[in-house]
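# Observations on the model geometry
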Amino acid sequence: MQGTYDSDKRKLLSCLSHGAIFFSTTILSVGVPITITLISDDPVVKANAKESINFHFNVWFWAVVLGVIVFLPSLITFGLFGTIVFGIGFALHWGLTAWALLHCFGKPDEPFRYPFIFRLI
């Protein structure tokens, strides 16, 4: 049944869903996978879009948690601690997104699942 869907369209929409976080980490970027979830009838594209929405939520959640935890030590170290922690977080965030994009290009018929995230949707 999955063979009846257009592979190129599946790749494009799945990659747009995951790659939306590259546009910005603001609330506006989550609109892309939400829109794709609403307009697509492809189950793999929908699964990728939902996973992307969950990843957005995780990025925002951990940014707030780390921001609160890192604030005081960062003040004491004149920003060095915060720069290191957020640099690692930023690299992880971009690395996981790049991994998702590579997966969507390489295996378009199976949805990507981010490791170690909580899923609300």
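Residues numbered from 1 in each chain as written. Predicted model: local features only at pLDDT ≥ 70, side-chain atom pairs only at ≥ 80, totals over all residues. Heavy atoms only, no water.

## Description of the overall build of the protein chain
Broken down by element type, the protein chain carries four helices and zero strands. In the protein chain, the order of α-helices and β-strands from amino to carboxyl end is α-α-α-α. In terms of its C-alpha atoms, the protein chain occupies a principal-axis envelope of roughly 60 × 25 × 20 Å. Counting only residues that meet the buried cut, the protein chain has 36% of its 121 residues in that class. Sequence-distant contacts in the protein chain: of pairs separated by 6 or more residues, those separated by 24 or more amount to 64%. Just so you have it, the protein chain exposes about 7300 Å², and 76% of that area is on carbon and sulfur atoms. Averaging the positions of the 8 positive and the 7 negative side-chain charges in the protein chain gives two centres separated by 6 Å. (Helix = DSSP H or I, 4+ residues; strand = E, 2+ residues; numbered from the N terminus. Buried < 20%, exposed > 50% of the residue type's maximum accessible area, 1.4 Å probe, protein only. Contact = heavy atoms within 4.5 Å. Areas by Shrake-Rupley, 256 points an atom, 1.4 Å probe, with all protein chains shown as cover. Lys, Arg positive; Asp, Glu negative; His and termini not counted. Charge placed at Lys NZ, Arg CZ, Asp CG, Glu CD.)

## Looking at the layout of surface pockets
Taken as a whole, the largest pocket encloses approximately 480 Å³ of empty space. Taken together, 18 residues form the lining of the largest pocket, with Val59, Trp62, Gly89, Leu92 and His93 sitting closest to its centre. Breaking the lining of the largest pocket down by element, the ones donating at least two residues are α3 (43-76) and α4 (80-106). With eight residues, α4 is the largest single contributor of residues to the lining of the largest pocket. Of the residues that constitute the lining of the largest pocket, the class distribution is 14 nonpolar, four polar and no charged. (1 Å grid on protein atoms, 1.4 Å probe; cavity = no way out; pocket = protein on both sides within 12 Å on 5 of 7 lines; lining within 4 Å. Points joined across faces, edges and corners; volume = space filled by probe spheres on them. Nonpolar A, V, L, I, M, F, W, Y, C, P; charged D, E, K, R; others polar.)

## Thoughts on the environment of Thr77
Relative to the helices and strands, Thr77 is located in the loop between α3 and α4. Residues Thr77 and Ala49, spaced 28 residues apart in sequence, show a C-alpha to C-alpha distance of 39 Å.

## Points about the confidence of the model for the protein chain
Here the protein chain averages 90 in pLDDT, while 97% of its residues score no lower than 70. In the model of the protein chain, α3 stands out as the element of lowest mean pLDDT, 91, in contrast to helix α2 (residues 31-39), which has the highest, 96. (pLDDT = per-residue confidence, 0-100.)

## Some words on the state of the cysteines
Within the structure shown, the criterion is met by zero disulfides. Counting only cysteine sulfurs, Cys104 is the nearest neighbor of Cys15, a cysteine outside any disulfide, at a range of 4.7 Å. Given the relative accessible area of 2%, Cys104 is considered buried. (Disulfide = S-S within 2.5 Å.)

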